[in-house]
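# Notes for the structure review
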Amino acid sequence: MITVDLTVLDTGFCTARASLVAEGTGWREIRCHATAFVLQHPQRGTCLFDTGYAPRLLDAFAHWPDRLYKYATPTTLGRSVVQQLHDRGIAASAVRTVILSHLHADHVAGLRDFPQASIALSRAAFMQQQSVSGFGAVRRGVLQSLFPNDVAARSSPIDGFTHGSISHLGPTYDLFGDGTVQLMLLPGHARGQLGAFVRTAGGDVLLCADGAWTSQAYREQRGPHWLATAIQDNMSEHAATLRALHAFNRARPDVPILPTHCPETLAWVHRP
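Below is a summary of the structure that appears in this document. (Residues numbered from 1 in each chain as written. Predicted model: local features only at pLDDT ≥ 70, side-chain atom pairs only at ≥ 80, totals over all residues. Heavy atoms only, no water.)

Here we take up empty space enclosed by the protein. All told, the structure shown has one cavity of 30 Å³ or more when counted by the stated rule. Looking at the largest cavity, its volume works out to about 30 Å³. Looking at the largest cavity, the residues that line it are Val21, Asp210, Ala212, Trp213, Ala217, Arg222, Gly223, Pro224, His238 and Leu242. Partitioned by chemical class, the residues of the lining of the largest cavity number six nonpolar, two polar and two charged. (1 Å grid on protein atoms, 1.4 Å probe; cavity = no way out; pocket = protein on both sides within 12 Å on 5 of 7 lines; lining within 4 Å. Points joined across faces, edges and corners; volume = space filled by probe spheres on them. Nonpolar A, V, L, I, M, F, W, Y, C, P; charged D, E, K, R; others polar.)

Before going further, it helps to spend a moment on the sheet that holds strand E4 (residues 75-77). Taken in spatial order, the seven strands of this open sheet run E4-E1-E2-E3-E5-E6-E7, and their pairing is mixed. Two strands lie at the open edges of the sheet, namely E4 and strand E7 (155-158), each paired on one side alone. The average undirected angle you get between the axes of adjacent strands in this sheet is 25 degrees. Pairing of strand E1 (residues 5-17) with E4 involves three bridges; the strand directions are antiparallel. Opposite Gly12, over in E4, you have Leu77 as the bridge partner. (Pairing = 2+ DSSP bridges. Helix = DSSP H or I, 4+ residues; strand = E, 2+ residues; numbered from the N terminus. Axes fitted to C-alpha atoms, helices over the stretch in contact; angles between N-to-C directions.)

For the rest of this paragraph, the subject is the layout of surface pockets. Here the largest pocket defines a volume of roughly 560 Å³. Every residue lining the largest pocket is counted, 24 residues in all, and those nearest its centre are Tyr69, Ala72, Thr73, Trp213 and Ile231. Within the residue set of the lining of the largest pocket, elements represented by two or more residues are E1, helix H1 (18-21), helix H3 (67-72) and helix H7 (134-139).

Turning next to the pairing of strand E3 (residues 45-49). Every regular strand shows the same layout, with side chains that alternate between the two sheet faces. With five of five residues buried, E3 lies mostly within the body of the structure. Pairing of strand E2 (residues 29-41) with E3 involves five bridges; the strand directions are antiparallel. Residue pairing for E3: Leu39 is matched across the bridge by Cys47. As paired elements, E3 and strand E5 (residues 95-99) share four bridges and run parallel to each other. Following the sheet pairing, Leu48 is matched in E5 by Val98. (Buried < 20%, exposed > 50% of the residue type's maximum accessible area, 1.4 Å probe, protein only.)

On to the environment of Thr200. In this fold, Thr200 is placed in strand E12 (residues 194-200). Sequence separation between Thr200 and Val181 is 19 residues; the distance between their C-alpha atoms is 9.4 Å. Those residues in contact with Thr200, other than ones at most four positions away along the chain, are Thr3, Val4, Leu6 and Val205. Separated by 2.6 Å, the side chain of Thr200 and the backbone oxygen of Gly203 make a polar contact. (Contact = heavy atoms within 4.5 Å. Polar contact = N/O pair within 3.5 Å; in protein donor to acceptor, adjacent residues only side chain to side chain.)

Moving on to a nonpolar patch on the surface. Taken together, the side chains of Trp27, Trp226 and Leu227 define a hydrophobic patch exposed on the protein surface, amounting to about 400 Å² of accessible area. Note that Trp226 resides in the loop between helix H9 (215-220) and helix H10 (235-251). (Patch = residues over 30% accessible without salt bridge, like charges linked within 9 Å, V, L, I, M, F, W, Y side chains within 5 Å. Areas by Shrake-Rupley, 256 points an atom, 1.4 Å probe, with all protein chains shown as cover. Salt bridge = Lys/Arg side-chain N within 4 Å of Asp/Glu carboxyl O.)

Across the sheet, which stays open at both edges, the five strands sit in the order E10-E11-E12-E13-E14 with mixed pairing between neighbours. Whereas interior strands pair on both sides, the edge strands pair on one side only; in this sheet they are strand E10 (173-174) and strand E14 (257-259). Pairing of strand E13 (residues 203-209) with E14, which is carried by three bridges, proceeds in the parallel orientation. Considered in E14, the bridge of Leu206 is made with Ile257.

This part is about the environment of Asp150. Within the secondary structure, Asp150 is located in the loop between H7 and helix H8 (151-154). Placed 35 residues apart in sequence, Asp150 and Pro115 show a C-alpha to C-alpha distance of 8.9 Å.

Put simply, Trp64 and Pro65 share a cis peptide bond, and its omega is 5 degrees. Tracing the backbone shows Pro65 in the loop between helix H2 (56-61) and H3. Although it is not a glycine, His168 sits at a positive phi angle of roughly 75 degrees. The topology assignment puts His168 in the loop between strand E8 (165-166) and strand E9 (170-171). For His168, a relative accessible area of 46% translates into the label partly exposed.

And the structure:
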């Protein structure tokens, strides 16, 4: 059975209040880390699930209206994905596929660092990237300067989720045709958001992107505070996704669920 190696990379963090992320958890300041995931496939090579923060984000912050994103998400950059791959002896040119869970800046800021990679994203996310601009784009968390000029030519928009279903998570798209990376829609937080069910040698793992901002959120079904409504695509769909993650966790407690921004996701790197 083919499996992939999964590595979690931390590219920095933004700060927020706990109850904005998961309602009813207090108003202390917390760090929402921008993680990206490296998937090493034995035949398909290096694949990324999101690209995290990168220094190019600071260039975007220098211009209006993109700088509004800076004020909404106070950001501290870490080492970018391309830098961390270099540390591991992996060249940017070795990255053959980048999966974008969704288009928010903390998930795509490093995209331009991988000019030879094909881009996998949902059809809904692709159509949004192609159609929004100016303040309307920033309102949706999309900073167009972060996307390469040839993004359309390199993208493979996905709209046929017909490769089997995962309990509580719905139908999937088998990215490589071998069951190692199965993509599914986790709507609500962002237009066309994708999650990934990944088969590793150590067992299955679910990358849920921002379907839940923290593990506590899906375990206790704590959605974001109503003040965070402005940055959600559809609050009712987000609540449904949170319920689906909760139900999946109860049905499959053996499968780690890794939200992009949760400290527990970083700790997963160090598990025995």
